[in-house]
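# Observations on chain architecture
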Amino acid sequence: MENLLLLFAGTVLINNFVLARFLGVCPYLGVSRQVDTAFGMGLATTFVMVIASVFTYLIYHLLLIPFGLEYLQIVAFILVISSLVQVVELFMQKMSPSLYRALGIFLPLITTNCAIMGLALLIIQEGYQFLEALVFALGAGVGFTLAIVLIAGIREQLDIADIPYALRGGAITLIIAGLMALAFSGLAGVV
Amino acid sequence: MSLLRDFKNGLWNEHPIFRLLLGMCPLLAVTTTAVYGLAMGLATLFVVVCAEIVISLIRNLIPKKVRIPSFIIIIATFVTIVDYTMAAFLPDIAEALSIFIPLIVTNCLIMARVEAFASKVPVKRAIADALGQGVGFTWGLVLLAAVRELLGQGAIFGVQVLGEGFPTWGIMGLPAGAFISLGIILAVINQIIRFKHNRTKEVS
């Protein structure tokens with residue numbers, strides 16, 4: 001139990017998916033203009049991450065390994081993730097229209113979010129057990145949500161600031177992300 | 001003529017990194033030294049060229065509704081080839097790049113070019129575009145990696161150039177250094193474009 005808690009805290013704060021591992025940087029820069037949408041994106045990503053980690057784990061250990069098909073890993077994972085996103089989308093539309101409306105356009109975008117694919121690959125690479133994989137996925141999602149909501153809050157303030165022409169848009173966002181990464185790396189000694 | 005224009009588009013006007021902000025994850029993650037940047041760039045170049053050729057050739061055979069999954073499978077196949085080839089012939093580099101080689105499959109640069117370009121044009125133009133985008137992505141990676149390696153280790157491509165006395169910047173090896181140096185490069189490029197733009201306006 002203590003191990004799992006440490007793994008969770010470490011994944012959220014120290015090995016943060018965006019700020020330390022550079023996974024999911026595209027949505028981090030692209031969908032972080034407003035806190036509301038950033039939070040929606042974070043929730044949708046966390047949701048898909050947890051489900052995708054379960055499915056890719058099971059497929060790898062129950063299907064690819066017994067039949068000696070490890071070389072199909074990349075093709076199988078990306079197919080599982082993209083079809084999973086479709087299924088989740090359909091399911092949500094039926095079961096919870098309000099949540100579906102809130103997440104809206106973010107769901108299809110998640111297929112090309114390398115954080116999901118990276119998560120699936122990391123779980124295999126690190127040799128996590130099933131429960132560890134689940135906690136790792138949850139931590140990755142929470143860490144992503146934390147990072148994207150924080151930067152969205154800063155960017156909302158930036159909209160009313162007078163920024164030099166050359167730094168507007170991507171440049172200033174990247175520099176802020178750098179400062180955030182620096183702050184997060186200061187947490188390395190805590191856990 | 002138009003082939004040359006398709007190729008040159010990727011080098012500056014529609015540069016995947018500096019103008020379109022695509023493919024950020026591998027860009028930031030692997031650029032600690034110029035060699036890794038170059039390897040990552042060439043691997044991506046191979047995948048984008050092969051994927052654009054195949055997809056352009058079969059573009060009329062794929063039903064519109066299932067085109068995205070078909071593109072993904074084609075891209076994933078070439079990524080698997082790169083992954084296994086690099087693990088066999090360049091084990092050190094493959095180890096250093098670790099999961100970012102398989103992650104080429106989710107590089108939005110490739111999906112974007114395939115969807116917006118290769119699925120609509122004949123194969124000759126697709127090749128020109130893929131080469132332009134691939135080379136453009138590679139020079140972007142090498143530029144960022146060279147800056148980080150020079151300031152972080154005083155070297156370029158592993159060759160010491162700044163001498164023993166140079167105080168190396170530890171931050172350049174950290175994630176923070178990657179974000180900040182890319183932000184500054186982006187700002188410089190914005191300024192160059194603005195300068196050029198103003199000059200052409202004055203002339204006309």
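Residues numbered from 1 in each chain as written. Chains lettered and ligands numbered in written order. Predicted model: local features only at pLDDT ≥ 70, side-chain atom pairs only at ≥ 80, totals over all residues. Heavy atoms only, no water.

Let us now look at the overall build of chain A. A count of helices and strands for chain A gives nine helices and zero strands. In sequence order, the secondary structure elements of chain A are arranged as α-α-α-α-α-α-α-α-α. In summary, chain A has a C-alpha radius of gyration of 17 Å against a globular reference of 16 Å for 191 residues, a match within 12%. Once the C-alpha set of chain A is aligned to its principal axes, its extents read approximately 60 × 45 × 30 Å. Put simply, chain A has 191 residues, and 49% of those count as buried. Carbon and sulfur atoms form 68% of the exposed surface of chain A, whose accessible area is close to 8800 Å². (Helix = DSSP H or I, 4+ residues; strand = E, 2+ residues; numbered from the N terminus. Rg over C-alpha atoms; globule rule 2.2 N^0.38 Å. Buried < 20%, exposed > 50% of the residue type's maximum accessible area, 1.4 Å probe, protein only. Areas by Shrake-Rupley, 256 points an atom, 1.4 Å probe, with all protein chains shown as cover.)

From N to C terminus, chain B includes eight helices and two strands. For chain B, the succession of helices and strands along the chain, N to C, is α-α-α-α-α-α-α-β-β-α. Here the C-alpha radius of gyration of chain B, 18 Å, is about what a compact globule of 204 residues would show, namely 17 Å. With the principal axes as the frame, chain B shows a C-alpha extent of 60 × 55 × 25 Å. Long-range contacts, defined here as pairs at least 24 residues apart, represent 75% of the contacts in chain B between residues at least 6 apart. Accessible surface, chain B: about 9600 Å² in total, of which carbon and sulfur atoms supply 68%. Treating the 16 positive side-chain charges of chain B as one cloud and the 11 negative ones as another, the clouds have centres 16 Å apart. (Contact = heavy atoms within 4.5 Å. Lys, Arg positive; Asp, Glu negative; His and termini not counted. Charge placed at Lys NZ, Arg CZ, Asp CG, Glu CD.)

With 38 residues of chain A at the interface, the matching set in chain B holds 37 residues. Taking both partners together, chain A and chain B bury about 3100 Å²; carbon and sulfur atoms supply 84% of that area. Looking at the side of chain A facing chain B, the largest losses of area belong to Phe 22, Ile 74 and Leu 174 of chain A, adding up to 22% of the total buried there. At the boundary of chain A with chain B, the tally comes to zero salt bridges. The tally of links between chain A and chain B comes to one residue pair in polar contact (both at pLDDT 80 or more). Going through the elements one at a time, helix H2 (25–30), helix H4 (73–95), helix H7 (114–126) and helix H9 (170–185) of chain A are the ones with two or more residues in the side of chain A that touches chain B. With nine residues, the top contributor of residues to the side of chain A that touches chain B is H9 of chain A. (Buried area = accessible area lost by both parts, 1.4 Å probe. Salt bridge = Lys/Arg side-chain N within 4 Å of Asp/Glu carboxyl O. Polar contact = N/O pair within 3.5 Å; in protein donor to acceptor, adjacent residues only side chain to side chain.)

Turning next to the layout of surface pockets. The probe, sized like a water molecule, is rolled over the atoms to show the empty space still left. If you add up the space inside the largest pocket, you get close to 740 Å³. Together, 34 residues line the largest pocket, and Pro 108, Leu 109, Thr 112 and Asn 113 of chain A together with Cys 108 of chain B are the ones closest to its centre. Of all the secondary-structure elements, those providing two or more residues to the lining of the largest pocket are H2, H4, helix H6 (106–109) and H9 of chain A together with helix H4 (67–89) and helix H6 (108–118) of chain B. Among the residues making up the lining of the largest pocket, the classes are represented as 20 nonpolar, ten polar and four charged. (1 Å grid on protein atoms, 1.4 Å probe; cavity = no way out; pocket = protein on both sides within 12 Å on 5 of 7 lines; lining within 4 Å. Points joined across faces, edges and corners; volume = space filled by probe spheres on them. Nonpolar A, V, L, I, M, F, W, Y, C, P; charged D, E, K, R; others polar.)

Moving on, we get to unusual backbone geometry. At Phe 22 of chain A, a position not held by glycine, the phi torsion is positive, near 60°. Within the element layout of this structure, Phe 22 of chain A appears in the loop between helix H1 (2–14) and H2. A positive phi is found at Phe 157 of chain B, a non-glycine position, where the angle reads about 55°. By the element assignment, Phe 157 of chain B lies in the loop between strand S1 (155–156) and strand S2 (159–160).

We now examine the pattern of salt bridges. All names here are of chain B. Applying the stated rule across the entire model yields four salt bridges over all chains. A salt bridge links Arg 113 to Glu 14; the nearest nitrogen and oxygen atoms lie 3.3 Å apart. You can see Arg 113 sitting in helix H6 and its partner Glu 14 sitting in the loop between helix H1 (2–11) and helix H2 (24–30), a full 99 residues away along the chain. Here the residues in one salt-bridge network are Glu 14, Arg 113 and Asp 129, joined through shared partners.

Here the focus is the nonpolar core. One finds Phe 17, Leu 19, Leu 23, Tyr 28 and Met 117 of chain A together with Met 86 and Phe 179 of chain B to be the most contacted residues of the largest nonpolar core, which totals 123 residues. Those residues within four positions of Met 117 of chain A in sequence are excluded, and the remaining contacts are Ile 74, Phe 77, Ile 78 and Ile 81 of chain A together with Leu 103, Val 105 and Thr 106 of chain B. (Core = buried A, V, L, I, M, F, W, Y, C linked by side-chain atoms within 4.5 Å.)

Within H6 of chain B, eight of the eleven residues are buried, which leaves it mostly tucked inside the rest of the structure. Where H6 of chain B is buried, its residues contact H2 of chain A together with H1, helix H3 (34–57), H4 and helix H7 (123–153) of chain B. For H6 of chain B, the N-terminal capping position is held by Asn 107 of chain B, with its side-chain oxygen 2.9 Å away from the main-chain nitrogen of Leu 109 of chain B.

Counted under the stated rule, the structure contains seven aromatic pairs over all chains. Measuring from ring centre to ring centre gives 5.5 Å for Phe 22 of chain A and Phe 179 of chain B, while their planes differ by 50°; the resulting arrangement is tilted. Of the two residues, Phe 22 of chain A sits in the loop between H1 and H2 while Phe 179 of chain B sits in helix H8 (residues 175–203), which places them in two different chains. Overall, the relative accessible area of 0% leaves Phe 179 of chain B in the buried class. On the numbers, 5.5 Å between centres and 45° between planes, the contact of Phe 18 of chain B with Trp 139 of chain B is tilted. With Phe 18 of chain B in the loop between H1 and H2 and Trp 139 of chain B in helix H7, the pair connects residues that are 121 residues apart, well separated along the chain. Three or more aromatic residues joined by ring pairs make a cluster, and in this case those are Phe 17, Tyr 128 and Phe 136 of chain A. In this arrangement the basic side chain of Arg 194 of chain B is found over the ring face of Tyr 165 of chain A, its NZ or CZ atom lying 4.1 Å from the centre. (Phe/Tyr/Trp six-rings, centres within 6.5 Å; stacked < 30°, edge-to-face > 60°. Lys NZ or Arg CZ within 6 Å of the ring centre and 35° of its normal.)

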